[in-house]
Number of protein chains: 2
Amino acid sequence: MEVISSLDNKKIKYYSKLLLKKFRDSENLFLVEGEHLVLEAYRVGLLKEVIMSEDYEGKFDVPTTYVTYDIIKKLSNTLNPQKVIGVCKKEENKVIGNKVLLLDDIQDPGNLGTIIRSSVAFNIDTIILSNKSVDVYNDKVIRASEGMLFKINIIRDDIIKAINDLKNKDYIIYGTKVDGGTSIKDITPSDKYAIVMGNEGAGVSKEVLNLCDKYLYIPMNKDCESLNVGVATSIILFSFNK
Amino acid sequence: MEVISSLDNKKIKYYSKLLLKKFRDSENLFLVEGEHLVLEAYRVGLLKEVIMSEDYEGKFDVPTTYVTYDIIKKLSNTLNPQKVIGVCKKEENKVIGNKVLLLDDIQDPGNLGTIIRSSVAFNIDTIILSNKSVDVYNDKVIRASEGMLFKINIIRDDIIKAINDLKNKDYIIYGTKVDGGTSIKDITPSDKYAIVMGNEGAGVSKEVLNLCDKYLYIPMNKDCESLNVGVATSIILFSFNK
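Just so you know, these numbers come straight off a predicted model, no measurement behind them. The numbering scheme is per chain: residues are counted from 1 as the chain's sequence reads. Chains and ligands are labelled sequentially in the order written, the chains with letters from A and the ligands with numbers from 1. In keeping with the predicted nature of the model, local features appear solely for residues at pLDDT of at least 70, side-chain atom pairs appear and are counted solely at 80 or more, and the whole-chain, interface and lining totals rest on all residues. Side-chain numbers come from the whole structure's heavy atoms, not from hydrogens or water.

Novice: Sorry, what's going on with the sheet that holds strand β6 (residues 99-103) of chain B here?
Specialist: Strand pairing in a sheet is mediated by backbone hydrogen bonds. Such pairs are either parallel or antiparallel. Residue and element names in this part refer to chain B. When DSSP finds two or more bridges between a pair of strands, those strands are recorded as paired. Secondary structure elements follow DSSP: runs of H or I no shorter than four residues count as helices, runs of E no shorter than two count as strands, and numbering proceeds from the N terminus. Ordered in space as β8-β7-β6-β11-β9-β12-β10, the seven strands form an open sheet in which the pairing is parallel. Of all strands in the sheet, those with a lone pairing partner are β8 (153-157) and β10 (182-183), marking the two edges. Sheet topology note: the β6/strand β11 (residues 193-197) ladder contains five bridges and is parallel. When the bridges of β11 are listed, V100 appears paired with A194.

Novice: Is there a simple way to explain the pattern of salt bridges in this structure?
Specialist: Think of it this way: side chains of opposite charge can pair up when their charged atoms draw near. Salt bridges are counted wherever a side-chain nitrogen of Lys or Arg sits within 4 Å of a carboxyl oxygen of Asp or Glu. In this structure the tally under the stated criterion is 22 salt bridges over all chains. For K161 of chain A, the salt bridge goes to D157 of chain A, with nearest N and O atoms at 3.2 Å. Exposure is judged per residue with a 1.4 Å probe applied to protein chains only, and the accessible area is read against the type maximum: over 50% gives exposed, under 20% gives buried, and values in between give partly exposed. Judged by relative accessible area, D157 of chain A falls into the buried class, the value being 19%. The partner of K83 of chain B in a salt bridge is D55 of chain B, with the nearest N and O atoms 2.9 Å apart. Placement of K83 of chain B in the loop between α4 (69-74) and β5 (84-89) and of D55 of chain B in the loop between β3 (47-53) and β4 (64-67) is noted, with a sequence separation of 28 residues between them. Residue classification places D55 of chain B among the partly exposed positions, given a relative accessible area of 44%.

Novice: So what exactly am I meant to see when it comes to the interface of chain A and chain B here?
Specialist: Pairs of residues are marked as contacts when any of their non-hydrogen atoms sit within 4.5 Å. Contacts between the two partners involve 28 residues from chain A, matched on the other side by 28 residues from chain B. A quick way to say it: buried area is the sum, across both parts, of accessible area lost when two parts are put together, with a 1.4 Å probe. For the pairing of chain A and chain B, the buried interface totals around 2,400 Å² over both sides, and the portion due to carbon and sulfur atoms is 60%. Counting across the interface, chain A meets chain B through zero salt bridges. Looking at the side of chain A that touches chain B, the elements that each hand over two or more residues are α5 (109-121) and α9 (229-240) of chain A. With six residues, the single largest contributor to the side of chain A that touches chain B is α9 of chain A. The residue makeup of the side of chain A that touches chain B, split by class, is 13 nonpolar, 10 polar and five charged. For this classification, the nonpolar set comprises Ala, Val, Leu, Ile, Met, Phe, Trp, Tyr, Cys and Pro, the charged set comprises Asp, Glu, Lys and Arg, and every other residue, Gly included, is treated as polar.

Novice: Explain the nonpolar core to me, please; I cannot follow it from the model alone.
Specialist: Soluble, globular proteins show a tendency: their nonpolar side chains are buried together. Membership of the largest hydrophobic core comes to 108 residues, with the highest contact counts inside it found for I116 of chain A together with I116 of chain B. Each residue touching I116 of chain A, except ones within four places of it in the same chain, is listed here: I127, V136, V141, S145, M148, L149, I152 and I154 of chain A. By nonpolar core we mean a set of buried residues, namely Ala, Val, Leu, Ile, Met, Phe, Trp, Tyr and Cys, connected to one another through side-chain atoms within 4.5 Å. Judged by nonpolar contacts, the second largest core, of 18 residues, contains L102, Y171, V196 and L211 of chain B.

Novice: Explain the sheet that holds strand β9 (residues 172-176) of chain A to me, please; I cannot follow it from the model alone.
Specialist: All names here are of chain A. Across the sheet, which stays open at both edges, the seven strands sit in the order β8-β7-β6-β11-β9-β12-β10 with parallel pairing between neighbours. The sheet is open, and its two borders are formed by β8 (153-157) and β10 (182-183), each paired with just one other strand. Where β9 meets strand β11 (residues 193-197), three bridges bridge the pair, whose relative direction is parallel. Across the sheet, the residue bridging to I173 is A194, located in β11. Here the axes come from fitting lines to C-alpha atoms, over the contacting stretch only for helices, and the angles between their N-to-C directions go from 0 to 180 degrees. Where α5 meets the sheet, its contacts fall on β6 (99-103), β7 (126-130) and β8, and the angle it forms with β6 comes to roughly 170°. In the packing of α9 onto the sheet, contacts are made with β6, β9, β11 and β12 (214-217), and the angle to β11 comes to roughly 165°.

Here's what the structure looks like:
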């Protein structure tokens, strides 16, 4: 068994470039760390290769590269990484299902991870990320999603174009407003819907809001100006999940 | 105006020790950073002193210490701190109101901050933290709470003792279970209630769970094993808030 120990190795150089969004985009690949995520990726047929440290006890039915633990550390953003890393293919860019969540420029990786996890919990079929949103294949997003990344269809698109496409296919577009609209407690969801959630600071942009068919708010104490966007999204998805 | 520039200054040494939980506990004081939080603390009468950099434009009606921006940086855990820091008194340790949230060994500061924010939004009166929970006066908790810390009563107690005290005062204790109990969608809250939420990894301890009067679950897709604890707590509080 050949064990690569040099950072100058061509393969390792290639893999380490996958830590950069630009390279992930051009190669259509991304890395996941740890047995749990590697297994999830394998289960849905997205695992292409694995990189494991020489003393890792496990095998996967894909091309395998053995490396020293120091190399694993270089390919990971965590302090004490697990001993296996998966190289995964991205999914195709197509809306599926009747329940869609649109995210308008979400920035925080932890928030996006939480939203992915709640989306699986509450039966969303497709998440559409606006082009300026944080990259879903960012390692912090993957960690916060607790492996749920592989259980939902996630695509990236121009949000205005995406909304217009959905409207043409008879999805009802729901936006959120602090005042006005229907309380989320009284919602009767339509059969085909798309919910738009905004950015941490600015909320949903005015242009996007104008395209919405219906508006929602979460009833709350006026002492609290707003909720964390991961929490607000989760409460809305919970309420839509009948 | 005297501007302190030395880290060896007695006052500065004292303030910097407030970055440690042990010292916060013994002094019954804690630090908050930035104008927004300082103002909130002032409004509820908890602001005791302020420390500001010499070029900060603002005044508060409490004893003020002027320092260089480098000193501000030493007293802050953020990279580019705001120019004013408040020294605040902790509130008294007493349950108030009919709506109580109990947190059993919550560990992540971001989660606790999010839960405090949602608790204010959904009209909780008192949060009781178990003794092993993360310190509420930790700077990350304060930041994640978005200043809501000053709009709710938060106390720390032995959780078993706290639950027994509440039961003696006719609060109904609600616990969460993955299976069994009532769906949170069908809940009719009692007039006086306390909801117990567990730790990120282990959930609510068995001993605590056995003390509960009623059990709740959040209906969700089986593909998702669990929700983020901040999200789960927020959904339950939202559902209880009639």
